[in-house]
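Commentary on secondary and tertiary structure
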Amino acid sequence: MTTVKTILLSSKSDDLIRAAQIWRDGGLVAFPTETVYGLGADARNDHAVAQIYAAKGRPSFNPLIVHVPDVKTARRYVVFSAEAEVLAAQFWPGALTLVLPLRADAGISPLVTAGLETLAIRVPQGHIAQDVLRSFDGPVAAPSANPSGRVSPTSASHVIAGLSGRIDAVIDGGQCGVGVESTIVGCVGEPALLRLGGVPAEAIETALGGPLVSAGEGIVAPGQLASHYAPEGTMRLNVTDPQSDETLLGFGPVDGAALSLSDTGDLVEAAANLFECLHQLNALGAAKIAVSPVPDVGLGRAINDRLARAAAPRD
């Protein structure tokens, strides 16, 4: 990944406007919420979202949480159930993420949803998060602003220690008040507890007037199905000599590719193109798909993780 100069921004209005412009330009800005610092990018920009994975060294394309300033903005991107309406009214802004059906016209990058038809979304608390999101006026995808596998950051100094040189800017908003990630509740079907976090499950159950079901009771959390990302055709990976009846998904300068993740072998470009290429293979009616080798380093690990899931045997 190319090294960039990471700037430290204050919580003043001019700096928040500057942060919003960095997002519009496809850059990465870490910002404080009440839970932890998030690493934000425009959730509609494939390349920007791919840069999140590259900066974090995230080993797989797990769904990301989208942050918006209010319920009205959230309605642009997701469809609310009756239960979701109750929870949003009681806990937003706050440390609760809802997983809801994605609107067909939402324009969210498939790298954010990991190719699923649901979106994890929340309205964070705190004037800095609120102000910068309002200035941007769009969906911001933001996992925790730390290298993958490291302790989540609760101060700007934590972010700088882990991500300096990998991201464009950090908004210094002091210490996070909650200090643990948001609680995640799935609201597709019966409300389900998908992750414990900053809002106690008991408070959510009180608001709903009944118990949450667990993710193990027929509800699968985003990213858990081994073959959920599969195109309609069968896939063969790490192919250097495709067969005549196979459609080749290339990487780098290979001959005969119907589609390419990246002609130049750029892993960030390949990550940004991955889900769109899988959709295009369906549109082509590809029954047998061969995929060129992708280096299993850096962002290539995430790409290979999803390709392996796409190629997995199906029931």
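Whatever comes next refers back to the structure up there.
In this convention, every chain numbers its residues from 1, walking through the sequence in written order. In view of the model being predicted, local features appear only for residues whose pLDDT reaches at least 70, and side-chain atom pairs are presented and counted only at 80 or more, with totals across whole chains, interfaces and linings using the full set of residues. Heavy atoms throughout the structure, all of them, feed into the side-chain values; hydrogens and water do not.

1. What about the overall build of the protein?
Only DSSP runs of H or I reaching four residues or more are called helices, and only runs of E reaching two or more are called strands; each is numbered from the N terminus. Counting secondary structure elements, the protein contains 10 helices and 15 strands. Radius of gyration: over C-alpha atoms. The globule rule applied is 2.2 Å multiplied by the number of residues raised to the 0.38 power. Against the globule reference of 20 Å for 315 residues, the protein gives a C-alpha radius of gyration of 20 Å, in line with a compact fold. In terms of overall dimensions, the protein has C-alpha extents of about 60 × 50 × 30 Å along its principal axes. The cut-offs for exposure are 20% and 50% of the maximum accessible area for each residue type, with area from a 1.4 Å probe on protein chains only; residues under the lower value are buried, those over the upper are exposed, and the others partly exposed. Scored against the burial criterion, the 315 residues of the protein give a buried share of 51%. The contact criterion used is simple: two residues touch if any of their non-hydrogen atoms lie within 4.5 Å. Long-range pairs, those at least 24 residues apart, make up 68% of the contacts in the protein with a sequence separation of at least 6. For the protein, the computed accessible surface area is about 13,600 Å², with 49% contributed by carbon and sulfur atoms. Charged residues are defined narrowly, with Lys and Arg counted positive, Asp and Glu counted negative, and His plus the chain ends left uncounted. Lys charges are placed at NZ, Arg charges at CZ, Asp charges at CG and Glu charges at CD. One finds the centroid of the 22 positive side-chain charges in the protein at a distance of 5 Å from the centroid of its 32 negative side-chain charges. The protein chains shown are the only cover counted for residues, whose accessible areas, like all others here, come from Shrake-Rupley with a 1.4 Å probe.

2. Overview of the environment of I22
Along the chain, I22 falls in helix α1 (residues 13–24). Considered as a pair, I22 and D42 are 20 residues apart in the sequence and their alpha carbons are 9.4 Å apart. Other than its neighbours up to four places away in sequence, I22 contacts I7, G27, L28, V29, D168 and A169.

3. Observations concerning the nonpolar core
What is meant by a nonpolar core is a set of buried Ala, Val, Leu, Ile, Met, Phe, Trp, Tyr and Cys residues, joined one to another through side-chain atoms within 4.5 Å. Counting residues in each nonpolar core, the largest one holds 75 residues, and the members touching the most others are F61 and L98. With 10 residues, helix α9 (residues 267–283) is the single largest residue contributor to this core. Formed by 18 residues, the second largest nonpolar core is a distinct cluster that contains F31, A129, V132 and A169.

4. Focus on the pairing of strand β2 (residues 29–32)
Residues V29 and F31 of β2 are buried on one face, and the alternating residues A30 and P32, pointing to the opposite face, are buried as well. For two strands to count as paired, DSSP must find a minimum of two bridges between them. Here four bridges tie β2 to strand β3 (residues 37–42), and the two strands are oriented antiparallel to one another. The partner of A30 across the bridge, within β3, is L39. Where β2 folds back onto β3 in an antiparallel hairpin, the turn is made up of four residues. Both β2 and strand β8 (residues 169–171) contribute to a ladder of two bridges, which runs parallel. Within β8, the residue paired with V29 across the bridge is A169.

5. Section: unusual backbone geometry
Of all residues except glycine, most have a negative phi; of all peptide bonds, most are trans. Cis geometry marks the peptide bond from W92 to P93, where omega comes out at -5°. Mapped onto the elements of the fold, P93 is located in the loop between α4 (82–91) and β5 (96–101). One non-glycine residue, A114, lies in positive phi territory at about 55°. Counting through the fold element by element, A114 comes out in the loop between α5 (110–113) and β6 (118–122). A114 gets classed as buried once you look at its relative accessible area, which sits at 0%. Residues other than glycine seldom take positive phi values, yet D137 does so here, at roughly 60°. With respect to the element layout, D137 can be found in the loop between α6 (127–136) and β7 (140–141). You can call D137 partly exposed: its relative accessible area is 43%.

6. Concerning the sheet that holds β5
Note on sheets: strands pair through backbone hydrogen bonds, and any given pair is parallel or antiparallel. Judged by pairing direction, the sheet is mixed, and its 11 strands sit side by side in the order β1-β8-β2-β3-β7-β4-β6-β5-β9-β10-β11 without closing on themselves. Of all strands in the sheet, those with a lone pairing partner are β1 (7–9) and β11 (213–214), marking the two edges. Inter-axis angles, ranging from 0 to 180 degrees, are taken between N-to-C directions of lines fitted to C-alpha atoms, where helices are fitted over the stretch in contact. Across the face of the sheet, α4 comes into contact with β5 and β9 (183–186) while running at roughly 155° to β5. Contacts from α6 reach β2, β3, β4 (65–67), β7 and β8 within the one sheet, and its direction differs from that of β2 by about 140°.

7. Looking at the sheet that holds strand β13 (residues 247–250)
Taken in spatial order, the four strands make up an open sheet running β12-β15-β13-β14, and their pairing is parallel. In this open sheet, the two strands that pair with only one neighbour each are β12 (234–236) and β14 (259–260). Relative to strand β15 (residues 288–291), β13 runs parallel, the two being bridged by three bridges. The partner of T247 across the bridge, within β15, is I289.

8. Examining the packing of aromatic side chains
Only rings of Phe, Tyr and Trp enter the pairing, Trp through its six-membered ring, and a pair is recorded when the two centres are within 6.5 Å. The plane angle decides the type: under 30 degrees is stacked, over 60 is edge-to-face, the rest tilted. Taken as a whole, this structure holds four aromatic pairs when the rule is applied. Consider the rings of Y53 and F61, whose centres lie 4.6 Å apart with planes at 90°: the pair is edge-to-face. The residues Y53 and F61 share a single accessibility class, namely buried. On the numbers, 6.1 Å between centres and 85° between planes, the contact of F80 with W92 is edge-to-face. Here W92 lies in the loop between α4 and β5 and F80 lies in the loop between α3 (71–74) and α4, a separation of 12 residues in the sequence. By relative accessible area, F80 is classed as buried at 14%. A residue is classified by how much of its surface remains accessible, and W92, at 8% relative accessible area, is buried. Linked through ring pairs, W23, F31 and F136 together constitute an aromatic cluster. Charge-over-ring contacts are defined here by two conditions on Lys NZ or Arg CZ: a distance within 6 Å of the ring centre and an angle within 35 degrees of the ring normal. The aromatic ring of F80 is capped on one face by R75, whose charged end is 4.9 Å from the ring centroid.

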